[in-house]
Amino acid sequence: MRWRGKLHVSAMADSEREVPQSDALVLFGVTGDLAHKMIFPALYALERRGALKVPVIGVASSKWSLAQLRSRATDSIRSSGRINDRPALHRLLSRLRYVEGDYNDPITFKSLKLALGGARHPAYYLAIPPALFATVITGLGAAGLADKGRVIVEKPFGRDLNSARKLNRIARSVFPQDSIFRIDHFLAKEAIMNILYFRFANSFLEPIWNRNYVASVQLTLGEDFGVQGRGAFYESAGCLRDVIQNHLFQIVALLAMEPPTCRGFGAVHGETADVFRAMRPLKRRELVRGQYAGYRRESGVAKHSDVETFCALRLFIDSWRWEGVPWYLRSGKCLAATATEVIVQLKAPPQRLFADSAPPAGLANYLRFRLSPRSAVALAARVKRAGKQFVGDQRELYLFDEQPGEEAPYERLLGDAMAGDGALFTREDAVEAAWAVVEPVLKNPRRVRAYRRGSWGPQAADALAAADGGWHNPAPRGEPTRRTRTPPETRR
């Protein structure tokens, strides 16, 4: 078992078999926003540490020259931070090639075949709109470019259960299962990986990590900004598809999964897929959809859009460990803060011996995973104040508290995919099982409710978690996690 970092789960290997390293990287959609924001900086980081040794071939419909592509790559890396290794930048730029063409035209793939030269194990990264995934995968197969290659598919993988199944069938008809890498970049974040490590590297959690001691679990992923010019994309996705069904479900799976039977990442994938299969399909009454005031004035957004920029839901996992425990998930844009946090609320003591141990003070024991903007793990408990009276205060004991550091999810994911390491990628059965959970509310959801920018979403979301004390709003270090009511709904 090879460890490449203190929390790097992708070090887990299913077997000792040799997996060939990719000898070329092909970036479909190289002129797009994802390549500019994430992929070029990741390639630069790989180049800086000597981990990139293959040609990088960009493919797009833009009539660009190679010089324009190199200029775009340089601007991308400069925008992500200062260029502090000129030789590495020059090496990366010298690896770039460019193929211009329509993804529906077989000639584009013939040109790509020429550009690949003698490469036998290329990796194809689909940084393109999801509607084009099947087109490109089919084109690669028809051109004979899929043999011994790998395909890396960005999220969302499908729009619903049927489209996910169809895309899986198409991908498997062209590539072997172990050559299909479905990205959820959250899985490569340090704080997310630490959930898996923290759970199974420590023994004290296991006795209480179940329905007998856990009252509820809350997960909040908030962003204090809007769609930022991506209104057209958001109109095609919405918060439920863009964040809940993949990012937040993956976090839930790491929190709820059973211990893997071995160290192979296949065992981890199996346990997370079991969590999705155990999730009770959502009902309309368990979902609140919101839309921030002014969303309909964003570029690319329909005048009478009913697309949600906020989701809150109550979820149940029908397993021996979690039967009856509610899981509350919420995410949204233009909220009060940009933060991601998990609260595992423990049940109150069976007998209340002290007057101040009644609710809400009696709900003081919880474990908090702060995942962003800086990672932390804290345990909350009540301690007695000095004096004769048996009264106390809630305190948080921080097991660790880290300042924001260098996050490199795309660097990890690119490096792992080219190495054939699937630990930080999602599996076919897990993708389909997750879609099955949200399928009932995709077809006929309740209309969105307006909410004020800078709030914690529509007021209707408060009622969802009211039975368990309300929502915990992320709070800074040194303050107890707060429960506050959402401001009244506002008119658009």
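Residues numbered from 1 in each chain as written. Predicted model: local features only at pLDDT ≥ 70, side-chain atom pairs only at ≥ 80, totals over all residues. Heavy atoms only, no water.

Enquirer: How should I be thinking about the side chain of Arg95 in this particular structure?
Expert: Position of Arg95 among the secondary structure elements: in helix H3 (residues 86-95). Judged by relative accessible area, which is 18%, Arg95 ranks as buried. Looking at Arg95, its side chain comes within polar contact range of the side chain of Glu47, at 2.6 Å. Those residues within four positions of Arg95 in sequence are excluded, and the remaining contacts are Glu47, Leu52, Lys53, Val54, Pro55 and Val56. (Helix = DSSP H or I, 4+ residues; strand = E, 2+ residues; numbered from the N terminus. Buried < 20%, exposed > 50% of the residue type's maximum accessible area, 1.4 Å probe, protein only. Polar contact = N/O pair within 3.5 Å; in protein donor to acceptor, adjacent residues only side chain to side chain. Contact = heavy atoms within 4.5 Å.)

Enquirer: I'm lost on helix H6 (residues 161-174) in this one. Help?
Expert: Every α-helical turn comprises 3.6 residues, leaving residues that sit three or four positions apart pointing alike. When the terminal C-alpha atoms of H6 are compared, their 20 Å separation across 14 residues agrees well with the 20 Å that a helix rising 1.5 Å per residue should span. Along H6, the residues classified as buried are Leu161, Ala164, Leu167, Asn168, Ile170, Ala171 and Val174. Considering only its buried residues, H6 is in contact with helix H5 (133-142), strand S6 (180-183) and helix H12 (428-443). Where H6 begins, the capping side chain belongs to Asp160, and its oxygen is found 3.4 Å from the backbone nitrogen of Asn162. (Expected span 1.5 Å × (residues − 1).)

Enquirer: Even after reading the chapter, I still don't get the sheet that holds strand S12 (residues 366-372), so can you show me in this structure?
Expert: In a beta sheet, neighbouring strands pair by backbone hydrogen bonds and run either parallel or antiparallel. Judged by pairing direction, the sheet is mixed, and its nine strands sit side by side in the order S14-S13-S12-S11-S7-S10-S9-S8-S16 without closing on themselves. With one partner strand each, in any of the chains shown, strand S14 (392-401) and strand S16 (449-451) form the two edges of the open sheet. Between one strand axis and the next, the sheet turns through 20 degrees on average, direction left out of account. Relative to strand S11 (residues 339-346), strand S7 (residues 214-222) runs antiparallel, the two being bridged by eight bridges. (Pairing = 2+ DSSP bridges. Axes fitted to C-alpha atoms, helices over the stretch in contact; angles between N-to-C directions.)

Enquirer: In this structure, what is going on with the nonpolar core? I would like to understand it.
Expert: Soluble globular proteins tend to pack their nonpolar side chains together in the buried interior. In terms of nonpolar packing, the biggest core is built from 145 residues, with Phe28, Leu43, Trp327 and Phe369 touching the most fellow members. For this core, the element with the highest residue contribution is helix H9 (residues 239-256), accounting for 12 residues. The residues contacting Trp327, other than those within four sequence positions of it, are Val217, Val252, Leu255, Ala256, Leu313, Arg314, Leu315, Ile317 and Trp322. (Core = buried A, V, L, I, M, F, W, Y, C linked by side-chain atoms within 4.5 Å.)

Enquirer: Any chance you could explain the sheet that holds strand S15 (residues 425-426) here in plain terms?
Expert: With mixed pairing, seven strands are arranged side by side in an open sheet as S3-S2-S1-S4-S5-S6-S15. Looking at strand neighbours, the two that pair on one side only are strand S3 (96-100) and S15, the edges of this open sheet. Pairing of strand S5 (residues 150-153) with S6 involves three bridges; the strand directions are parallel. Each residue of the ladder has a partner; that of Ile152, found in S6, is Phe181. Contacts from H3 reach strand S2 (56-60) and S3, with the element oriented near 35 degrees to S3. On top of the sheet, H5 reaches strand S1 (24-28), strand S4 (122-126) and S5; it is set at about 160 degrees to S4, its chief contact.

Enquirer: I would appreciate a short explanation of the confidence of the model for the chain in the present structure.
Expert: In the predicted model, the chain carries a mean pLDDT of 89, and 91% of its residues have values of at least 70. Confidence drops under a pLDDT of 50 for residues 1-16, and excluding neighbours within four residues, the segment shows 43 contacts in the predicted structure. Per-residue pLDDT stays below 50 along residues 476-480; that stretch engages in 13 contacts with residues further than four places along the chain or on separate chains. (pLDDT = per-residue confidence, 0-100.)

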